[in-house]
Structure formats: C-alpha cells, structure tokens
Amino acid sequence: MKETNSRSAVLGLQHLLAMYAGAVAVPLLIGTGLGFNEAQMTYLISIDIFMCGIATLLQLVVTRFFGIGLPVVLGCAIQAVSPLILIGTKSGISAIYGAIIAAGIFIVLIAGIFSKIKVLFPPLVTGTVITVIGLTLIPVAITKIGGGDAAAANFGDPTNLLLGFVTIALIIGVQVFGKGFIRSIAVLIGLIGGTILAALLGLVDLSAIAHAPVFHLPQPFYFGLPTFDLWSIVLMIIISIVSLVESTGVYFALGDITERPITGNDLKRGYRAEGLAVILGGIFNTFPYTGFSQNVGLVQLSGIKTRRPIFFSAIFLIVLGLFPKVGAIAQIIPEAVLGGGMLVMFGMVAVQGMRMLSKVDFMNDKNLLVIAVSIGFGLGFNMMPTLFSQMPETVQMFTGNGIVMSSLTAIVLNLFFNGLPKGTDEVTELSLQQ
C-alpha cells in the first residue's frame, strides 16, 4: 500500500495512542510519590509528552553521531520510577535531575564501548532484573486501587475496588475480543472506560484542567538547578544501563521487522541519541528515556518499513506537550482507575522479564541460584528497607532499592558462577527474545 502523508499521520496517531498510557504513568507515579502539587503535576506530564516527541526525533534523524534511524518510539523508562522516588525522598528533587543528567552524559560517553560492557548483561541478568522491576511496582498499583493512601480511613472503599477491577476487566476484555490496533491500546481503553464510570458516579474532578494554562513553553530547570550526589548518580547509571540493554532488544527487533541489518555503528548512534535524550530530560525536568517495546508489535502489525509514521508521532507529541490542558487530562483519572491500569502494565513488565528468562538453561543449578537469590534480595530488601537501618545512609541508598540490589546481585553471581561468555554475541541473543 502506498505510504501517503495522510496514511502516515493516521499510523503515527496509532503509535501515540499505543504508548500514551505508559508515557504518562511515569510522571504520575513519581509526581504523586514526591507529593507534587497540581501545577507541578501538570507541568511534569505536559513536558514529559513534549520530550517524548523530542527524544523520538533524536532517534529518527540520523547524523554522524546520533540517531539509529529505525521506526522507534521513545518514552520514560518505567524501571526508573522507584529509584527516582528514592533519590527524591532522600536527597531532594534537585538530586534527581543531577543524577539523570550525569547518567545521560555517561551513556553518551560509553556508547562506543557498550558492546564490551554488554557481556555483563546476558538474558540471565536482564530477565531477572526486569522481572523484579515489574514485581516491585505491583504493590504501588494495588495501593492505588485501594484509593492511593493505605493509611487513610477509607482505604479499600468498595467504590474504589469497583473502579479498579472494572478497569482491569475492560483491559482483559479488549485483549480477548479486540483485534489488531485496538488490542494494542487496551490499557488506554481501560483507563478511559474506568474514568467514564467514575464520572457517572460523580468521582471525577476536572479542576486540574480548568486551572491549567492553555499554552506553555518548556522551561529548563523548572524545579531548580540540579545537584550532583555521587550515590544518586551511581544508582541512576545502573538503571540507565539496564534501559540500554532493553533498548538494544528493541533495535534488533525493529531491524528484523524492517529487514534492515543493525551494525555496530547503528547501535553507537542509537545509544548516543538515547543518552542525549536523557540529558535533555534532566535539563527540562522530565525523566530517562528508552525505546518503547510496546510499539514494536504495532510496527509489525501495521507493516510499515519507513520512519515517516513515527515522524508524525513525534510531531504530535511535541504539539500536545505545548498545551498543558492536555497534560492535565491525565490528572483527572481517579487513583483506583489508574491502579487498575498500572497493575496490568507492571504485571506485563514482570512477564517480559520471565520471557527473557525462558532463554536461560534452567537445568543448570547455578543459573537457578542466581535467579533465586537476586529475586529474593530484590523483593525482600524492597519490602523491608529498614533491615539496614543501622548501616550508613549511603549503604541504605542501595539496599533500600530492590531493583538495584537485584541488578548488582545478578551481575556478581552470574560472573562468579558463569564467568564472562566466550564467543557469544549477547546483543544478538537479546534480540531473539523480543
């Protein structure tokens, strides 16, 4: 079928809808976790939408140094939620953006040698880490289904439970009975349906939209100048490397769909573009960006072979991000409805990790031990961070975060038991999982 501008625009809109729920989930989670007010949340969501468009453009436009040139859509990395809330709680908002900027610079600098570093992240490690990411975020979704505040007197109110479970039922229904593109936006449909039900029950507050300005421009350092805390930076670098590994799988999957071989130079430009997007995210006070795997299936479904539809997606995102009332729409979603959608999204993250682990040899007891201990540390330390309350605060910064503990444990134990792989292309192996 001939690729006209009108058809490309429609396909671009589909990609925007497919990634929208995942894109706004990160600022919603982090903003509420850090107690942002209505105006701050509106800015955060709007500028996140805007920067998703900018980050996507950085990958689409190929230069000598930046851009992989594949139909890839970039959005906020969900795995960064818990670490960023931890950094913000312990060291302040300024440390969040200092850590993001530093991590972005690190990615740009190591892009050329990441092919050597990546041997530390075989499917055994990445699958374990992504599984832990999904599992550690699920309690957040459950809390939201109950109303958002587990200490509140009305936590678990039957109305909230109704909204949460109706949202989940809608998502499941769309997945079971929907076809093609409709299935790819099941979470978005569930959130819309749940919000409509909440509105019929008189539980939707439109004040955030009313108070939001009609138009704004991105403002560097909206939340103040960044500060650079060493341990926060190390924490964010670890998360960024995990995101790079995930993006690598996205690149190879898209290369396979579009019948384009992915070279080492392509990967370097892709990594650098992702690092530059992370730096810009820190400057404009959003969050780290990574390739959105949910859009890979949509590329395959639509059969596109060029970047043109994704250019339209990026332009749409940039335009929408300039109008804060659009961003404020996400704030009217009741906590219980948001929790229902997030439960499915976070569950799918965990399943993606399990899918990666399916490539691991489970007949090898050493691999089982790596997974068992890493998941045990990841979930256990995350649920009981006070276990290390007698240790120095810098130690607690790591032990209190299940994702980081899982990552470090999986890397160290894998090296201890299995050593460095010989003659194995981890990038190719990772791409086969997608």
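These numbers were taken from a predicted model, which means no experiment stands behind them. (Residues numbered from 1 in each chain as written. Predicted model: local features only at pLDDT ≥ 70, side-chain atom pairs only at ≥ 80, totals over all residues. Heavy atoms only, no water.)

### Regarding the overall build of the protein
The cut-off we apply is this: Counting from the N terminus, the helices are the DSSP runs of H or I reaching at least four residues and the strands are the DSSP runs of E reaching at least two. As defined in this context, the radius of gyration uses C-alpha atoms, and a globule is described by 2.2 Å times the residue total to the power 0.38. Only protein chains enter the calculation, and the probe is 1.4 Å; a residue is then buried if its accessible area is under 20% of its type maximum, exposed if over 50%, and partly exposed in between. Contacts are assigned to residue pairs that have any heavy atoms within 4.5 Å of one another. All accessible areas in this document rest on Shrake-Rupley with a 1.4 Å probe, and a residue is counted as covered only by the protein chains that are shown. Working convention for charge: Lys and Arg count positive, Asp and Glu count negative, and His plus the chain ends are omitted. By convention, charge coordinates are those of NZ in Lys, CZ in Arg, CG in Asp, or CD in Glu.
Scanning the protein from terminus to terminus reveals 20 helices and 2 strands. Here the protein has a C-alpha radius of gyration of 21 Å; the compact-globule value for 434 residues is 22 Å, and the two agree. In the protein, buried positions account for 54% of the 434 residues. Look at the contacts in the protein between residues 6 or more apart in sequence, and 83% of them connect residues 24 or more apart. Just so you have it, the protein exposes about 17600 Å², and 68% of that area is on carbon and sulfur atoms. Within the protein, the 19 negative side-chain charges are centred at a point lying 12 Å from the centre of the 21 positive side-chain charges.

### Concerning the pattern of salt bridges
We count it as follows: Salt bridge, as applied in this entry: a Lys or Arg side-chain nitrogen positioned within 4 Å of an Asp or Glu carboxyl oxygen.
Applying the stated rule across the entire model yields 3 salt bridges. Where Lys144 meets Glu335, a salt bridge forms, and the shortest distance between an N and an O atom there is 2.7 Å. Here Lys144, found in helix α6 (residues 123-145), pairs with Glu335, found in helix α16 (residues 335-357); they are 191 residues apart in sequence, far enough to count as distant. Between Asp266 and Arg269 there is a salt bridge, and its shortest N-O distance comes to 2.5 Å. Of this pair, Asp266 and Arg269 both sit in helix α12 (residues 264-283), 3 residues apart, which is roughly one turn of that helix. In this pair, the class of Asp266 matches that of Arg269, namely buried. Overlapping salt bridges, with partners in common, bring together Arg260, Asp266 and Arg269 in one network.

### Overview of the packing of aromatic side chains
The condition that has to hold: Centres within 6.5 Å are what make two rings of Phe, Tyr or Trp a pair, Trp counting through its six-membered ring; a difference in plane orientation under 30 degrees is then read as stacked, over 60 as edge-to-face, and the rest as tilted.
A complete count under the given rule lists 13 aromatic pairs for this structure. Taken together, a centroid distance of 5.6 Å and an interplanar angle of 70° make the contact between Phe215 and Phe323 edge-to-face. Note that Phe215 is positioned in the loop between α10 (207-211) and α11 (230-257) and Phe323 in the loop between α14 (308-321) and α15 (324-329), a separation of 108 residues in sequence. Judged by its relative accessible area of 46%, Phe215 is partly exposed. Phe323 gets classed as partly exposed once you look at its relative accessible area, which sits at 33%. Relative to Phe223, the ring of Tyr222 lies with its centre 4.9 Å away and its plane at 85°, an arrangement referred to as edge-to-face. Judged by its relative accessible area of 16%, Phe223 falls in the buried class. What links up through ring pairs into an aromatic cluster is the set Phe36, Tyr43, Tyr97, Tyr222, Phe223 and Phe287.

### Looking at the side chain of Asn160
Within the secondary structure, Asn160 sits in helix α7 (residues 158-177). On the accessibility criterion, Asn160 (16% relative accessible area) is buried. Sequence-distant contacts of Asn160, defined by excluding residues within four places in its chain, comprise Ile145, Gly146, Gly147, Asn154 and Ala336.

### Topic: unusual backbone geometry
Despite not being glycine, Phe221 has its phi angle at roughly 55°, a positive value. Mapping Phe221 onto the fold places it in the loop between α10 and α11. Phe221 sits in the partly exposed class, given a relative accessible area of 28%.

### Notes on the layout of surface pockets
Here is the rule: With a 1 Å grid laid over protein atoms only, a set of points is called a cavity when a 1.4 Å probe fits there but cannot get out and a pocket when it is open yet has protein on both sides within 12 Å along at least five of seven lines; lining residues have an atom within 4 Å of a point. Grid points are joined across faces, edges and corners, and a volume is the space filled by probe spheres set on the points. Only Asp, Glu, Lys and Arg are considered charged, only Ala, Val, Leu, Ile, Met, Phe, Trp, Tyr, Cys and Pro nonpolar, and every remaining residue, Gly among them, polar.
Here the second largest pocket defines a volume of roughly 580 Å³. Lining the second largest pocket are 23 residues; nearest its centre among them are Ser82, Ile85, Leu86, Val140 and Asn382. For the lining of the second largest pocket, the elements supplying multiple residues, two or more each, are α1 (5-33), α3 (81-91) and α6. No other element matches α6, which puts 6 residues into the lining of the second largest pocket. Of the residues belonging to the lining of the second largest pocket, the class tally is 8 nonpolar, 12 polar and 3 charged.

### A few points about the confidence of the model for the protein
Heads up, the condition is: Confidence of the prediction at every residue is given by pLDDT, a number between 0 and 100.
Taken residue by residue, the protein gives an average pLDDT of 89. The fraction at 70 or more is 95%. In the model, residues 424-434 has pLDDT below 50 throughout and makes 28 contacts with residues more than four positions away in sequence or in other chains.

### Here's the deal with the packing of α1 against helix α2 (residues 38-60)
Rules: All axes here are fitted lines through C-alpha atoms, helices being fitted over the stretch that makes contact, and every angle between N-to-C directions spans 0 to 180 degrees. Left-handed describes a crossing whose near helix is turned anticlockwise from the far helix through less than a right angle; right-handed describes the clockwise counterpart.
Between α1 and α2, the shortest axis-to-axis distance is 9 Å and the interhelical angle comes to 145°. For the pair α1 and α2, the sense of crossing is right-handed. Counted together, Met19, Tyr20, Ala23, Val24, Pro27, Leu28, Gly31 and Thr32 of α1 and Met41, Leu44, Ile45, Asp48, Ile49 and Cys52 of α2 form the full contact between these two elements.

### Focus: a nonpolar patch on the surface
Let me state the cut-off plainly: Each patch groups residues whose relative accessible area exceeds 30% and which form no salt bridge, using 9 Å between like charges and 5 Å between nonpolar side chains of Val, Leu, Ile, Met, Phe, Trp and Tyr.
Judged by side-chain polarity, Val214, Phe215, Leu217, Ile315, Val319 and Phe323 come together as a nonpolar surface patch covering roughly 560 Å² of accessible area. Tracing the chain through its elements places Val214 in the loop between α10 and α11.

### Structural notes on the packing of α6 against α16
What counts, and what does not: Throughout this description, any angle smaller than 35 degrees is read as roughly parallel, any larger than 145 degrees as roughly antiparallel, any in the 65 to 115 degree range as roughly perpendicular, and the remainder as oblique.
Axis separation between α6 and α16 bottoms out at 7 Å; the angle between their running directions is 165°. The angle between α6 and α16 falls in the class roughly antiparallel. In terms of crossing hand, the pair formed by α6 and α16 is left-handed. Here the contact of α6 with α16 is built from residues that sort into 20 nonpolar, 9 polar and 2 charged.

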